[in-house]
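Here is how the chains run, residue by residue.
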Amino acid sequence: MSASTDFVTFYLGGHYFGINAADVLELNRNLEVTPVPKSAKTVRGIMNLRGQLVPAIDMYERLNLEAHGGKTESISIILQCDGFLVALLVDDVGEILSLDQDTFEPPPSNFSVISRELVLGVHKLPDRLLLILDPSLINQGSDKAKRNQLLLAH
Amino acid sequence: MNDDDILVEFIIEAREILDQLDLDFVQLEITPDDKKLVGNIFRAMHTLKGSSGFFAFKRLEKVSHAGESLLGKIRDGQLTLDTQKTTILLSALDCLRSIIEGIESSQTEPSGNDAALVEQLLALAAGKNVEIIAPQTAAPSPAASTLPVSTPAPEVQGLSVASSIPPAAETIPPSSQITQVDTGESTEEVWAPDPADPVKNQEVAAPVKVNLELLDRLMNLVSEMVLARNRLLPFTNQFVDHDFSSAVRVIDLLTLELQERMMKTRMQPISQVWTKFPRLIRDVSNDCAKKVTLIQEGAETELDRTLLDAIRDPLVHIIRNSIDHGIEIPSERLNRGKPEMGKVLLRASHENGMVVIEIADDGAGVNYDLVRQKAIEKNLVAPQQAMDLSDLQLLEFIFLPGFSTKSQVTNLSGRGVGMDVVKTNISNIGGSIDIDSKRGVGTTIRLKIPLTLAIMPALFIRCGSEPYAIPQSSVLEMVRLDLGAESTGLEDFYGTPVFRLRNQLVPLLFLNHQLDVNQEMPASDAILNIAILQSSGVRFGLVVDEVLNMQEVVVKPLGPLLKDVKDFAGATILGSGRVALILDVDGIAIQSGMVAKIQSRPMNAASTEEKSYEEDVAMLSFELEGQSRLALYLENVERLEMISPKQVQRNGNRDVIQYGKDIMHLLYLNQYIEGAEGRKTPKNEDDVIPVIVHYTNGIPVGLVVSQVHDIIHVSKNLHEANPPQKGLLGCVSLNDQVINVVDLQEILMMRNLQENSKEYPAVIDMDLSS
């Protein structure tokens, strides 16, 4: 048996995602987000986590998901990545799953719905698929996207 | 700060440097190619040498100088570090440490002979091979050679991160890290420096250095505490439990005090760093045989303590450079027609949410030709290209490591460490550095330190549904502009909306457009709220939806994800726990393209502006019952306040109100001015009384008027009232209207006479009876 890893799971636009629990600092409900005008689309705004400013990532934008019936994310997952805190806005959180490496597969090649660079791979669960996200790319990626935007603008 | 304090600080600093050097050397042997590390070690040694020079600790100076020479060669790549060199450098380090310990116990340098050690160091520096003889003065031969070079232990890997942080930027608990090395490697006991030794700590009553992160964390916790307190307070109204209320009250007071103290721990006047400088200047100028005076301005400017620590070394370097390189020797100064005594000016101020520190000297300025020549010599630029370089481009070379125009290496400078260290240190705290130098006139260095941690007053405004803060330092005034009224409409100046403010055109920016919040344009009869802002030499009006309040804010950086949004300088957390963004006035002005536009087409010819300054005088216009056009010199006005009749209290025979910490007397102007009628008593309690606050001998006096109008600029030529009128100086004309200028001195005198004679004039009695 290979070593198992804990994943925090969450729901977003009907998809089921997981993120390594070691990167997750905490979960928060209904933190108020202050929009930052002119920021990248992927950044919804900033919020106050006990005196610290934390950027809130719009996961629908980040993952290029279509929001059916409006965005109603009410839970933020606070991640510590590259020494900075970020908050992922998600619809709902699920259980914490302890999964073995056995069920893990690289992302299928026909994965068009979701920004593939972010998905490390897929865990095949008995009833559904769990998409594992790469936390470090969530931060970098939006930065890169932003830079591209700036390049285009000039 | 006296010399003893300076010595104590020196010892603390030297200890820190030595501890850090120990770590760095061990790391360096594992990664001998780490140029940055060699640079760090070299600089640390350089600092130690420089400081010991001031105290005339000759042994210390000689050993560190020799060590530095060897390290310099290693840094430049002329020599490579091997075990032999490490060993000898480490024994130099031990020697330094034992000297420092001697100084600490006896206040003077212990005697001893380091000639052998110095000789070995210099011989190695010269590229010779030497037999290592265990130096007599140093501690037992260090065990550097026993260190496993090829197998770095994980602990040591972790160290590389720590050692790349310059000592000034962060306090590193050295003892714990050393312990890690000790357990990981079979190093001898001698290696562990022991700052925790209680006996030693008693000798030098070291101030407790608190880890930066811990302080930040505490700060955040205190802010949280305040918010939690705010949520608790409303409950005292809901429950009429006396014990509960008093418990909450205690928590309230404690939180308040905690918050104030916390703020205070962080803010310290810059004079703390500056107190060292008169001595420094004296010593350095003596060494160079120059005459220099130091002028300090703005020594009370408060800076976050972490920033203070970080600017200390850069400032020392810059000042040393100013004297050594900048100021000429007295005879040369006289030849050039300058006063014999050179000047170094230190000026600190808050500017646009930054702390600006200027170090200006009236010396020879940067020798651009020499810089060009050195740049060519060091192969930094091709000779042909060098000729085309502008002065500004040449100044860039000064910041390169190892660049020095001094041909002779001295105790003070000339090794080419200095400006690159300064730049590294300043950019480590997110600051910037500018040099401006004119041949023969002098050099000005401007350090801009961000207020990332500092507190500043800010004006809150609303745009769309969100509040934003504008640093108060950039707000000149607030204007309400009624577009419906005649002669005040918006005009168009080459595509930029402008309006007239006291006969000057002021360009307008709409904040909602600027921030892409919405694209609404104000209706043609709307009333605009305009904040007149000053940025990078451009004055402009920012149209906002609503003006809220003034509040002190703690600026927090937006973090890497949002740093590209140039419109914001940071964010702050409001009392409610919400985040509010702080506008970057410079950023907005530049982003909007307005700065470029205005610079290409000046709106108000500069000459007329200067003229207006000379001949005009600013007054505040207001009215009283029966006297609709009165004015008061603006310099007499401290603030404008609206007070409620409920606040007014009787104190003996006068009306007073509580004003901040002071008690402010109210002075009803209509009683002193000819032609004014008695004041109407406010009919209901919701009315407000406009009061002009004037300070006389540091005591506030509230001048009660019926309405305040505007700031007007009128000609200085006053038509004197003839025959004299009570309470009036004379009159001026503005747009065909005659405006009476109030004689405040006379009025204050009249009031004092009344107070002294204890007689109450009939007018006042009348007023009271109503």
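In this numbering scheme, every chain counts its residues from 1 along its sequence in written order. Labels are handed out in written order, letters beginning with A for the chains and numbers beginning with 1 for the ligands. Totals for whole chains, interfaces and linings use every residue, but because this is a predicted model, local features are given only for residues with pLDDT of at least 70 and side-chain atom pairs only at 80 or more, for both listing and counting.

Undergrad: Quick rundown of the overall build of chain A? Include the residues and the values.
TA: Under the scheme used here, helices are H or I runs from DSSP no shorter than 4 residues and strands are E runs no shorter than 2 residues, and both carry numbers assigned from the N terminus. Along its length, chain A carries two helices and eleven strands. Going from N to C terminus, chain A has its helices and strands arranged as β-β-β-β-β-α-β-β-β-β-β-β-α. Neighbour density around each residue's C-beta defines its exposure: 20 or more other C-beta atoms within 10 Å make it buried, 12 or fewer make it exposed, and counts between make it partly exposed, where C-beta atoms are placed from the backbone. Here chain A, with 154 residues, has 34% of them falling under the buried criterion. Residue pairs in contact within chain A that sit at least 24 positions apart in sequence constitute 56% of those at least 6 positions apart. Residues are defined as contacting one another if the C-beta atoms placed from their backbone atoms lie within 7 Å.

Undergrad: Can you lay out the overall build of chain B for me, pointing to particular residues and giving the numbers?
TA: Summing up its helical and strand segments, chain B has 24 helices and 30 strands in all. Put simply, chain B has 770 residues, and 34% of those count as buried. Considering only contacts within chain B whose residues lie at least 6 apart along the sequence, 67% involve residues at least 24 apart.

Undergrad: Describe the nonpolar core, and please don't skip the residues or the numbers.
TA: In plain words, the nonpolar core is the set of buried Ala, Val, Leu, Ile, Met, Phe, Trp, Tyr and Cys residues that C-beta atoms within 7 Å link up. Residues A:A87, B:A469, B:I582 and B:L583 are the most contacted members of the largest nonpolar core, which totals 76 residues. Excluding residues that lie within four positions of it along the chain, A:A87 makes contacts with A:M47, A:V54, A:P55, A:A56, A:I57, A:S76, A:I77 and A:I78. Formed by 37 residues, the second largest nonpolar core is a distinct cluster that contains B:A66, B:L71, B:L96 and B:V118.

Undergrad: Outline unusual backbone geometry, supporting the account with residue identities and numerical values.
TA: Keep in mind that most residues, glycine aside, have a negative phi and that most peptide bonds are trans. Unusually for a residue other than glycine, A:K38 sits at a positive phi of about 65°. By the element assignment, A:K38 lies in the loop between strand 3 (24–29) and strand 4 (43–49). Its identity as a non-glycine residue notwithstanding, B:A289 has a phi of 55°, on the positive side. Relative to the helices and strands, B:A289 is located in the loop between helix 12 (277–288) and strand 2 (292–297).

Undergrad: An account of the interface of chain A and chain B is needed here, citing residue identities and associated values.
TA: Of the residues lining the interface, 22 residues belong to chain A; the matching set on chain B comes to 23 residues. Of all the elements in the fold, those that place two or more residues in the side of chain A that touches chain B are strand 4, strand 5 (52–58) and helix 2 (135–153) of chain A. Note that Gly is not counted as nonpolar here; it falls among the polar residues with everything else outside the nonpolar set of Ala, Val, Leu, Ile, Met, Phe, Trp, Tyr, Cys and Pro and the charged set of Asp, Glu, Lys and Arg. For the side of chain A that touches chain B, the class distribution of residues is ten nonpolar, seven polar and five charged.

Undergrad: Explain the sheet that holds strand 9 (residues 104–105) of chain A to me, using residue names and the numbers behind them.
TA: Residue and element names in this part refer to chain A. As summarised here, the arrangement of the six strands in space is 8-1-2-11-10-9, forming an open sheet in which the pairing is mixed. Lying at the two open borders of the sheet, with one neighbouring strand each, are strand 8 (92–100) and strand 9. A pair of strands counts as paired when DSSP detects no fewer than two bridges linking them. In this structure, strand 2 (residues 15–20) lies alongside strand 11 (residues 129–133), joined through two bridges in parallel fashion. Of the residues in strand 11, the one forming a bridge with G18 is I132.

Undergrad: Could you give an account of the sheet that holds strand 25 (residues 689–696) of chain B, with specific residues and numbers?
TA: Think of a sheet as strands paired side by side through backbone hydrogen bonds, with each pair either parallel or antiparallel. Residues and elements named next belong to chain B. Pairing is mixed in the open sheet, where six strands are placed in the order 21-25-26-24-23-22. Strands with a single pairing partner mark the edges of an open sheet, and in this sheet they are strand 21 (639–643) and strand 22 (649–651). For this sheet, the mean inter-axis angle between neighbouring strands, taken without regard to orientation, is 40°. Direction of pairing for strand 25 relative to strand 26 (residues 699–704): antiparallel, over a ladder of six bridges. Looking at strand 26, one finds that Y695 is bridged to P700. Angles here are taken between N-to-C directions and fall from 0 to 180 degrees, while the axes themselves are lines fitted to C-alpha atoms, restricted in helices to the stretch in contact.

Undergrad: Before we move on, can you summarise the packing of helix 4 (residues 83–106) of chain B against helix 5 (residues 115–125) of chain B with the specific residues and values?
TA: Residues and elements named next belong to chain B. Two elements in contact, helix 4 and helix 5, have axes separated by 10 Å at closest approach and are oriented at 145°. As for the relative orientation of helix 4 and helix 5, their crossing is left-handed in sense. Taking contact as the criterion, the partners of K85, I88, S91, A92 and C95 in helix 4 are, on helix 5, L117, Q120, L121 and L124. For the contact of helix 4 with helix 5, the per-class residue count stands at six nonpolar, two polar and one charged. Working rule for handedness: look at the near helix, and if it is turned counterclockwise from the far one by less than a right angle, call the crossing left-handed; if clockwise, right-handed.

Undergrad: Help me get a handle on the pairing of strand 15 (residues 538–544) of chain B, residues and values and all.
TA: All names here are of chain B. Taking burial as the measure, the seven residues of strand 15 include five buried ones, the bulk of the element. Sheet analysis places strand 13 (residues 504–510) next to strand 15, joined by three bridges and oriented parallel. What sits directly across from L509, in strand 15, is L542. Pairing of strand 14 (residues 527–535) with strand 15 involves seven bridges; the strand directions are antiparallel. Paired with N529 across the strands is V544, a residue of strand 15.

Undergrad: Lay out the packing of helix 3 (residues 58–75) of chain B against helix 5 of chain B in plain terms, naming residues and giving numbers.
TA: Residue and element names in this part refer to chain B. Axis separation between helix 3 and helix 5 bottoms out at 8 Å; the angle between their running directions is 15°. The angle between the axes of helix 3 and helix 5 places the two elements in the roughly parallel class. For the element pair helix 3 and helix 5, the recorded crossing hand is left-handed. Touching K62, V63, A66, G67, S69, L70 and K73 of helix 3 are L117, V118, L121, L122, L124 and A125, all from helix 5. Here roughly perpendicular refers to angles of 65 to 115 degrees, roughly parallel to angles under 35, roughly antiparallel to angles over 145, and oblique to all remaining angles.

Undergrad: Quick one: what's the story with helix 5 of chain B, residue by residue and with numbers?
TA: All names here are of chain B. When we look at burial in helix 5, the residues that qualify are L117, V118, Q120, L121, L124 and A125. All buried residues of helix 5 fall inside an arc of 160° around its axis, so they share one side. Summarising the geometry of helix 5, the exposed residues directed more than 90 degrees from the buried face are A115 and E119. In this fold, the buried residues of helix 5 make contact with helix 3 and helix 4. Looking at the residues trailing helix 5, positive phi occurs at G127, about 90°. This arc is taken over the directions from the axis of the helix to the C-beta atoms.

Undergrad: I'd like to hear about the environment of B:S349, residue by residue, with values.
TA: Along the polypeptide, B:S349 turns up in strand 4 (residues 342–351). Separated by 46 residues in sequence, B:S349 and B:L303 have C-alpha atoms that sit 10.0 Å apart.

Undergrad: How would you summarise the pairing of strand 6 (residues 75–81) of chain A if you had to cite specific residues and measurements?
TA: Residue and element names in this part refer to chain A. Relative to strand 6, strand 3 is paired through five bridges, and the arrangement is antiparallel. Across the sheet, residue L27 finds its bridge partner in strand 6, namely I77. In terms of strand pairing, strand 6 meets strand 7 (residues 84–90) through seven bridges, oriented antiparallel. Considered in strand 7, the bridge of I77 is made with L88. Count of turn residues in the strand 6/strand 7 antiparallel hairpin: two residues, of which D82 carries a positive phi of about 55°.

Undergrad: Pulling in residues and values, what's your account of the environment of B:Q707?
TA: Residue and element names in this part refer to chain B. Along the chain, Q707 falls in strand 27 (residues 707–715). Residue classification places Q707 among the exposed positions, given that 11 C-beta atoms sit within 10 Å. Each residue touching Q707, except ones within four places of it in the same chain, is listed here: F622, E623 and P690.

Undergrad: Just give me the short version of the confidence of the model for chain A, but keep the residues and values in it.
TA: pLDDT is a residue-level measure of predictor confidence that goes from 0 to 100. With 79% of its residues at a pLDDT of 70 or more, chain A shows a mean pLDDT of 78. The low-confidence segment residues 142–154 of chain A (pLDDT under 50) makes 14 contacts with residues lying over four places distant or belonging to another chain.

Undergrad: Account for the environment of B:Q385, naming residues and giving values.
TA: Residue placement: B:Q385 occurs in helix 16 (residues 383–388). Exposure remark for B:Q385: the 11 C-beta atoms within 10 Å place this residue in the exposed category.

Undergrad: Describe the confidence of the model for chain B, naming the residues involved and giving the relevant values.
TA: Residues and elements named next belong to chain B. Scored by pLDDT, chain B has a mean of 74; 79% of the residues are at 70 or more. When the elements of chain B are averaged for pLDDT, helix 7 (residues 174–184) gives the smallest value, 37, and strand 18 (residues 579–583) the largest, 91. Under a pLDDT of 50 for its full length, residues 134–202 has, in the predicted model, 106 contacts with residues more than four places off or in other chains. For residues 605–614, every residue scores under 50 in pLDDT, and the model assigns this stretch two contacts once sequence neighbours within four places are set aside. In the predicted complex, the global pTM is 0.48; the interface-specific ipTM is 0.82.

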